[in-house]
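Okay, here's what each chain looks like letter by letter:
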Amino acid sequence: MMGRMILYRGSLKSCNYRCSYCPFSKHPMEEGELETDREQWESFVQDFAKWEDRFHVRALMVIPYGEALIHPWYWEGLARISTYSKTDAAGAQTNLSFPVQESLTRFDACGGKREKLRLWATFHPQMTTVEEFAGRCKRLADAGITLCAGAVGVPEHIGLIQKLREKLPKDIYLWINRMDGMKRPYTREEQAAFLEIDPYFLRELAPVFADPKKCRERILVEGSAGIGICNICFPKRQCERRICSCYLAYGGRDDFMNQILFGPYSLFRIPRRPKAVFFDINGTLLPKNRKEGIPKEIWAGLMALFLEKIPLFFATALPYQDAKKQCSQIWHMFLGGVFAGGAHLVFGKEDREEFYYLKESLIEELTRLKQEFHFRILTYRNQGRIYKITLCRPLHSPWSRKEIQAAIEAVPEIQSGIARYFIEESCLQIVSAKADKAEGVRKICSWMGISPKEAAAAGDSAQDAKMLEICAGGME
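Residues numbered from 1 in each chain as written. Predicted model: local features only at pLDDT ≥ 70, side-chain atom pairs only at ≥ 80, totals over all residues. Heavy atoms only, no water.

## Observations concerning helix α2 (residues 48-55)
The α-helix winds at 3.6 residues per turn, so residues separated by three or four positions along the chain end up facing the same way. Note the threshold: Three exposure classes are used, based on accessible area relative to the maximum for each residue type with a 1.4 Å probe and protein chains only: buried under 20%, partly exposed in between, and exposed over 50%. Working definition: helices are DSSP H or I runs of at least four residues, strands are E runs of at least two. Numbering for both runs from the N terminus. Arc, as used here, means the arc of the directions from the helix axis to the C-beta atoms. Working rule for contacts: check all heavy atoms of both residues, and any pair within 4.5 Å makes them a contact.
Every buried residue of α2 is accounted for by Phe48, Trp51, Glu52 and Phe55. Down the axis of α2, the buried side of the element spans an arc of 105°, and every buried residue falls inside it. Looking at α2, the residues exposed on the side facing more than 90 degrees away from the buried face are Lys50 and Arg54. Of the surrounding secondary structure, the elements contacted by the buried residues of α2 are β1 (5-9), α1 (31-46), β3 (59-62), α3 (72-82), β9 (218-222) and β10 (227-228).

If you want it as C-alpha cells, here you go:
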C-alpha cells in the first residue's frame, strides 16, 4: 500500500538563488515575513503527532515556494519529526545551497534520525557548477543522507546534465523534469539523450489524466492551516484538473507503478529498484473497460524498469498464448512469468518451464455437469496433458454463489484438495491445488536466486492477494 504523506508549504516565498525564470528569486522577504513562516512551521511541527493520529500520516515532504533549508528552523523541525516512532521519512525540496556540515550538526543536535531524512535536490546551472553541486550530493550521501538529484530538461543543457550524471555517484538517481513552456516537442535525439540520463524520463512525457480516487494518500498543508489535495489544485478540496501536469501531482498518486518504481513514499523520487517485478494483466496492466490497450503512463513505467534492466514477469490467470496476444506490444520486455493462475511457469523466454497437471478423469466428471449448469468446457494442455480447465458461462448469465457451491461439491478432486478453483467474470477456472500466483512467484524467485521480499508485484484481485503479501513491494 501507498504510505500516507503530508506535503507542507509555508508562507515562505523567497530564495537565495537568482535564476532568471523564477519569481521567488525576485521577492526578498522582510524579517517579519520570515518570522511568520517560522511560526507557522513550528506550529505545524508541534502538531505533527496529531496529523499522524488523525490521518495516519507516515511521511512529510516540505515543498516551499523558494528555498527553505537555508533557514535553521526547518532543519530543527525535520529533526523533531524524524524522531517520531510512527514517522518513516521526512524531507524537503532544496537547491542544496545550505551549509552542509553546519546544517547536519544542527539536525543531529535536535535528535534527528539521518536514516529518515530525504532530500530532493535540484540543479540550477545559472547559480552553481556541476562540480559544486555533485560534490554536495556526494558529501550528503557519505553522511548517510538519502537523496535524489535532478534538473529541468532544457535541450541546450543536455551536455551539462550529461556531465552532472558523470560526476554524481552512480547510486544517486538523476531525474529530468519536462521543460515547461517549450513550444515544440522534444526531438527523438533529445528524448534519447535524456532517457540515457534518466530511464524514467518518458513518464514526464506521458499525459496522466486526473483521478481524485488515487489521491487519498496525500495531503497538502499550507502554513496558514489550509488543506488541499496536491500542489496543482490547492486550495480546493476537489480536483478540477484534467491532467496531473507535474511529478508532485502524478508521482504522489496511489497507483501501482509509482509504488513499484519509488516505494511507498514515491514523492521523494528515490528509486527502490526491486530485483524482479511481477504484473497481473487484466485489471492491472490492462485496466478494466479500456479498449485502447496499455495506457501510456503504464507503458512509460514499464520502459523505465526495462531500461534499468530489472527483470519483468507476468502473473496472470491467462494461458501463455492468450497473455502473449493481449500484451504483444510489451512482450519483448518480459522474461516469462506465472501463467494460467500458477499452473504454467516460464523463465527466460521458455528456456525453463514447469507445469502443474490435472487428471484426465476431471473432464468426464465435468461433462456430466454441463447440462445442469449450462457451461462450455475449455481445456489447456501441454503435450496432451491438462493443466487448466475453464468452465465458461455466457456474460449475461455468470455463475451464482449457489451454483458454484453445487458444482464444486460434485467435483471430488476439488473436495479432496487435489485441485482448486477460482472465478473470473463468467468463468470458473480449475487448476492444480499446487498452482497459484504466490507459489509461482516463489518458484521463479528461487530460480533467480532471490527472495520474494526482494521482488515487487502488482495486482487487483483476490487471486493476487498472497502474491502481494509475499513480495515486499506488493501493490494493489
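Text resumes after the structure shown.
## Here we look at the pairing of strand β6 (residues 117-122)
We apply this condition: The rule for pairing is simple: two strands pair if DSSP sees at least two bridges between them. For the handedness criterion, the strands are oriented away from the viewer, and a crossover whose path from the first strand over the helix to the second runs clockwise is classed as right-handed.
Burial of β6 is extensive: six of the six residues sit out of reach of the surface. In β6, alternate side chains face the same way, and those of Leu117, Leu119 and Ala121 on one face and Arg118, Trp120 and Thr122 on the other are all buried. As paired strands, strand β5 (residues 89-94) and β6 are joined by five bridges and run parallel to one another. From the neighbouring strand, Thr94 faces β6, where its bridge partner is Ala121. Assessed by its sense of winding, the connection that carries the chain from β5 through helix α4 (residues 100-109) to β6 is right-handed. Pairing between β6 and strand β7 (residues 146-152): five bridges, direction parallel. By the bridge assignment for β7, Ala121 is matched with Ala149. Read from β6 through helix α5 (residues 130-142) to β7, the crossover connection turns out right-handed.

## Quick look at α3
With eight of 11 residues buried, α3 is to be regarded as a mostly interior element. Listing the buried residues of α3 in full gives Trp73, Tyr74, Trp75, Gly77, Leu78, Ala79, Ile81 and Ser82.

## Quick word on the nonpolar core
Selection criterion: The criterion is simple. A nonpolar core is a set of buried Ala, Val, Leu, Ile, Met, Phe, Trp, Tyr and Cys residues joined through side-chain atoms within 4.5 Å.
Grouped together as the largest cluster of nonpolar side chains are 119 residues, with contacts concentrated most on Trp41, Phe44, Phe279 and Leu302. Core analysis: the second largest hydrophobic core is formed by 28 residues, Ala340, Phe355, Ile450 and Ala455 among them.

## Section: the state of the cysteines
Convention followed: Sulfur atoms of two cysteines make up a disulfide when they are within 2.5 Å.
This model, assessed by the stated rule, comprises zero disulfides. With no disulfide of its own, Cys215 has Cys244 as its nearest cysteine by sulfur position, at a separation of 5.6 Å.

## Observations regarding unusual backbone geometry
Trans peptide bonds make up most of the peptide bonds, and negative phi angles are found at most residues other than glycine. Located in the positive-phi region is Leu96, a residue other than glycine, with phi close to 70°. The topology assignment puts Leu96 in the loop between β5 and α4. Positive phi outside glycine occurs at Ala340, with the angle close to 55°. Inspection of the secondary structure puts Ala340 in the loop between β13 (336-339) and β14 (344-347).

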